[in-house]
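Here's the letter readout for the chains.
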Amino acid sequence: MKEYVSMKRLTGKWMTGFLTGIMVVAAAVFPALAGTVDSVRLEFTDRYQVGEIVEPELECRTSGISIMSIEWNKETKDWKPGSKVNGTILLSCDDGREFLSSYGNKSMRIYGARLTGARAEEGNLKVTVSYDPVVQLDSPDSAGWSNSARTKAAWKSVKYATGYQIRLYRDDSFIRSIDVTGTSRDLSEYMNKEGMYYYEVRAVGRDEEDRKYRKSSEYTMSADYCAEDPGDTDGQWRRYLDGSKYEKEDGSFVKDEWYRINGNWYYFDENEFLATGWRQTDGSWYYLGDDGNMLTGWQEIGGIWYYFGEDGSMYTGWLESAPGEWYYLNADGSMASDVTIDGRRLNASGVYRE
């Protein structure tokens, strides 16, 4: 009886060892029995390059899952900040598990983008997402004054920028910050005291929503300007159906001449009306804004860039706007670009650098 019990126990131990061996072999021969991938985590991290939109960095945070490829429905050169693009990611499983037939928001966790679909396909997992591109805005490459009174700040537009921020100073003391959507701003209302004025400007998104996708640029500083005599401050403007006139304190109207009013230069024709647009006087061309202000510095008119000196006259020929930075203005004043002149190659922005 004792011998029988001993043999039974021995048989039980042998069977346990045998079954364990079978399970080990089965796991090695049939890796699919390792189970399924119950959840996947993908992370998109925004990347910034000054002035250009680049693809986000993509990482899979689930062990044993590899990213095989990612494709976008548009080339990055056609992306716009905050305007969604669609991506397709193909994932593979490296540890023998199988993907579920599909995944939802709870099992397919996406960070930095939005899940639109996830389905198994020929042993891999095809995931589709939508993503909102972002950009680091470039700084304005020049900041100047667009009228002879130097009260109107002006700068070149920045790619992808929808707004700008100005910070105005007098004698190195901060006066105020101003938000604008265009590429110029008349600051005369804040420049009503003698002193040395300058401003700095940066590119931004125009509102809170735009700023989610546009990282503000560094500031660009303007040249100094020493405020001088503002000219006539005692007369008054008169508005008529045919235009505007300026009545002096003595009751007479300005006629057929350049005239300075509150720091700005204007031209009045032979009929006493305020002139606007192109004007040729004394052999030089000038440009008067919609408000009649004589413009100076770089100006974009009808989609073409021109440069006007401090006296308002239009430049032609070579112009060194900064040390070692040259532009060429054609005979009609238009800025040349993407061309070679006098052996100097101008880039697409019209610049030749020594």
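Higher on the page you've got the structure.
Since the structure is predicted, the reported quantities are computational estimates derived from the model, not experimental observations. (Residues numbered from 1 in each chain as written. Predicted model: local features only at pLDDT ≥ 70, side-chain atom pairs only at ≥ 80, totals over all residues. Heavy atoms only, no water.)

1. Notes on the side chain of Ser217
How we decide: Runs of E in the DSSP output that reach at least two residues are strands. Runs of H or I that reach at least four are helices, and both are numbered from the N terminus. Throughout this description, a polar contact denotes any pair of N or O atoms lying within 3.5 Å of each other; where both atoms belong to protein, one of them has to be capable of donating a hydrogen while the other can accept it, and for residues adjacent in sequence the pair is counted only when both atoms sit in side chains. In this description, contact between two residues means that some pair of their heavy atoms is separated by no more than 4.5 Å.
By the secondary structure assignment, Ser217 is in the loop between β17 (214–215) and β18 (220–221). Only 2.9 Å separates the side chain of Ser217 from the backbone nitrogen of Ala203, close enough to count as a polar contact. When near neighbours in sequence (up to four residues on either side) are disregarded, Ser217 contacts Gln136, Leu137, Asp138, Ser139, Pro140, Arg202 and Ala203.

2. Observations concerning the packing of aromatic side chains
What counts here: Note on aromatic contacts: the rings of Phe and Tyr and the six-membered ring of Trp form a pair at centre separations within 6.5 Å, being stacked when their planes are under 30 degrees apart, edge-to-face when over 60 apart, and tilted otherwise. Under the scheme applied here, a residue whose accessible area is under 20% of the maximum for its type counts as buried, over 50% as exposed, and between as partly exposed, the area being computed with a 1.4 Å probe on protein chains only. Placement of a charge over a ring requires the Lys NZ or Arg CZ to be within 6 Å of the ring centre, with the centre-to-atom vector within 35 degrees of the ring normal.
A full pass over the atoms with the stated rule returns 27 aromatic pairs. Aromatic side chains Trp237 and Tyr266 sit 5.3 Å apart centroid to centroid with 75° between the ring planes, which places their arrangement in the edge-to-face category. Separated by 29 residues along the polypeptide, Trp237 in strand β20 (residues 236–240) and Tyr266 in strand β23 (residues 264–268) bring together distant segments of the chain. Using a relative accessible area of 26% as the deciding quantity, one classes Trp237 as partly exposed. With relative accessibility at 8%, the residue Tyr266 sits in the buried group. An angle of 85° between the planes, with centres 6.4 Å apart, marks the rings of Trp318 and Trp326 as edge-to-face. A residue is classified by how much of its surface remains accessible, and Trp318, at 23% relative accessible area, is partly exposed. An aromatic cluster of three or more residues is present, and its members are Trp237, Tyr246, Tyr259, Tyr266 and Phe268. One Lys or Arg, Arg167, reaches over the ring of Tyr219 and ends 3.9 Å from the middle of that ring. Of note, Lys245 hangs over the ring of Phe253, and the distance from its end group to the ring centre comes to 5.8 Å.

3. As for the pattern of salt bridges
Basically, it comes down to this: Salt bridges, as used here, are contacts in which a Lys or Arg side-chain nitrogen is within 4 Å of a carboxyl oxygen on Asp or Glu.
Per the counting criterion, the structure on display carries 17 salt bridges. As a salt-bridge pair, Asp210 and Arg206 come within 3.3 Å of each other at their nearest N and O atoms. Among the salt bridges present, the one from Arg345 reaches Asp338, with a minimum N-O distance of 2.8 Å. Judged by relative accessible area, Arg345 falls into the partly exposed class, the value being 46%. Of the residues examined, Asp338 reaches a relative accessible area of 51% and is grouped as exposed. What you see here is one network of salt bridges that share partners, running through Arg41, Glu43, Glu59 and Arg61.

Honestly, that's just the spatial picture; any functional story needs more than this.
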